[in-house]
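As a plain string of letters, each chain reads:
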Amino acid sequence: AHMTQILSRLQQALGASFEIKRELPAGGQSRLFLAADRRLPREVVIKLLPPELAGPTAAERFRREIAVLVQLQHPHIVPLLAVGHVDDLFWYVMPYISGASLAARLTHGALPLRDALQAIHDVADALAHAHSMQVVHRDLKPANVLFQAGRALLTDFGVAHARIENVRSSTGISMGELRRSVAKSASRLTEQGFAVGTPEYMAPEQFLGDEPADARADVYSLAMLSYEMLTGRAPFADFKGARLMAAHFTELVPLADLVRPEIPSNIAEVLATGMAKEPVDRFPDAAAFRDALGSRW
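If you're wondering where the values come from, they're calculated on a predicted model, not measured in any experiment.

Reading the values: rules and limits
- Residues numbered from 1 in each chain as written.
- Predicted model: local features only at pLDDT ≥ 70, side-chain atom pairs only at ≥ 80, totals over all residues.
- Heavy atoms only, no water.
- 1 Å grid on protein atoms, 1.4 Å probe; cavity = no way out; pocket = protein on both sides within 12 Å on 5 of 7 lines; lining within 4 Å.
- Points joined across faces, edges and corners; volume = space filled by probe spheres on them.
- Nonpolar A, V, L, I, M, F, W, Y, C, P; charged D, E, K, R; others polar.
- Pairing = 2+ DSSP bridges.
- Helix = DSSP H or I, 4+ residues; strand = E, 2+ residues; numbered from the N terminus.
- Axes fitted to C-alpha atoms, helices over the stretch in contact; angles between N-to-C directions.
- Salt bridge = Lys/Arg side-chain N within 4 Å of Asp/Glu carboxyl O.
- Buried < 20%, exposed > 50% of the residue type's maximum accessible area, 1.4 Å probe, protein only.
- Contact = heavy atoms within 4.5 Å.
- Polar contact = N/O pair within 3.5 Å; in protein donor to acceptor, adjacent residues only side chain to side chain.
- Expected span 1.5 Å × (residues − 1).
- Arc of directions from axis to C-beta.

Asker: Go over empty space enclosed by the protein, please, and point to the residues and values.
Answerer: Under the definition given, this model contains two cavities of 30 Å³ or more. In this structure, the largest cavity occupies an estimated 160 Å³ of space. Every residue lining the largest cavity is counted, 14 residues in all, and those nearest its centre are Leu69, Val78, Leu80, Asp156 and Phe157. Considered class by class, the residues forming the lining of the largest cavity number ten nonpolar, two polar and two charged.

Asker: I'd like to hear about the sheet that holds strand 5 (residues 89–95), residue by residue, with values.
Answerer: Here we have five strands laid out as an open sheet, ordered 1-2-3-5-4, and antiparallel in their pairing. This sheet does not close on itself; its edge strands, each paired only once, are strand 1 (18–24) and strand 4 (82–86). Pairwise comparison of adjacent strand axes, ignoring direction, gives a mean angle of 30° for this sheet. Two elements, strand 3 (residues 42–48) and strand 5, share five bridges in a ladder whose sense is antiparallel. Bridge pairing links Val45 to Met94 in strand 5.

Asker: How would you explain the pattern of salt bridges if you had to name every residue and give the values?
Answerer: Inspection of the entire model under this criterion finds 15 salt bridges. The partner of Glu23 in a salt bridge is Arg31, and the shortest N-O contact between them spans 2.9 Å. Of the residues examined, Glu23 reaches a relative accessible area of 36% and is grouped as partly exposed. The partly exposed category is assigned to Arg31, whose relative accessible area is 31%. Note that Arg151 and Asp122 form a salt bridge whose closest N and O atoms lie 2.8 Å from each other. Placement of the pair is Arg151 in strand 7 (residues 151–154) and Asp122 in helix 4 (residues 113–132), with a sequence separation of 29 residues. Exposure remark for Arg151: the relative accessible area of 36% places this residue in the partly exposed category. Three or more residues are tied together by salt bridges with common partners; here these are Asp37, Arg39 and Arg42.

Asker: I'd like a rundown of the environment of Glu19, residues and numbers included.
Answerer: By secondary structure assignment, the location of Glu19 is in strand 1. The partly exposed category is assigned to Glu19, whose relative accessible area is 29%. C-alpha of Glu19 to C-alpha of Leu34: the two residues are 15 residues apart in sequence and 8.6 Å apart in space. Contacts of Glu19, omitting those with residues within four sequence positions, involve Gln11, Leu34, Ala35, Ala36 and Arg38. A polar side-chain atom of Glu19 sits 3.4 Å from a polar atom in the side chain of Arg38.

Asker: How would you explain the pairing of strand 6 (residues 145–148) if you had to name every residue and give the values?
Answerer: As defined by bridge partners, strand 6 adjoins strand 7 across four bridges and the pair is classed as antiparallel. Paired with Phe147 across the strands is Ala152, a residue of strand 7. Between strand 6 and the antiparallel strand that follows it, strand 7, lie two residues; Ala149 among them carries a positive phi value of about 50°.

Asker: Residues and numbers for helix 2 (residues 58–69), please.
Answerer: Between its terminal C-alpha atoms helix 2 stretches 16 Å, which fits the 16 Å expected from twelve residues at 1.5 Å a residue. All of the buried residues along helix 2 are Ala58, Ala59, Arg61, Phe62, Glu65, Ile66 and Leu69. Taken down its axis, helix 2 places every buried residue within 160° of arc, on the same side. Residues of helix 2 that are buried make contact with strand 4 and strand 5.

Asker: Provide a residue-level description of the environment of Ala119, including the pertinent values.
Answerer: With respect to the helices and strands, the residue Ala119 is situated in helix 4. Assessed through its relative accessible area of 3%, Ala119 is described here as buried. Along the chain, Ala119 and Ala152 lie 33 residues apart, while their C-alpha atoms are 5.3 Å from each other.

Written as structure tokens, this is what we have:
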């Protein structure tokens, strides 16, 4: 009943502009709805932020976030079409991308080499644009890469609202276990400093929460994602829960060209640099990662 109530309130707030059709599956705490744009004959996605995050400071944070997100105009970033805010409801409107997500494509294994390299380049270029504007994505994962007309698009920059609960619930382990598994973090894992992402692709420093993760954390996640596109395997696919988190600190990833020999060795080296444990050993930002990849393949 609670959801029906939120849904009718959202529809009321949207008025005559958009008509909600159905709910779409969503990762994380937000809810996604497919809607018809009544002014233009097209489908859009409405992303509703969780009402429990809508405290007194939320409206101000939402405005600040929008001011940044609306400037991220790039051929490989899904744009914001509209935003709205009524009482404790905050929402974004984005185009509906009908192509499969990278998550869906990876269920069939590695991408063809050229397709993978093109997609990696597209996403790196999108991130480079964000980094040039001091925006860090912090939650790069296959579900946030969409395909349209054969090209990759990056979505979901709005994760500033997320909290550590997100990771706790998705890994199903207690904070005590988490602290023990990554000994270094024992005294420093604070809710405020913890940048939430998706554990499979998060940079080691995102688990520590000393200071907010910077562009180099995105480079790490991008390299992890690129590795999976090229080899068909996430680097730490065999690890779960606390062992997964520890793996980011302790396990070395085999060079991609050892897993799939047709991958050019220079590309494998770029990925290895991107996945370095220490931020200082990685590329400083996604532009440097993109340029190191080169554009001829």
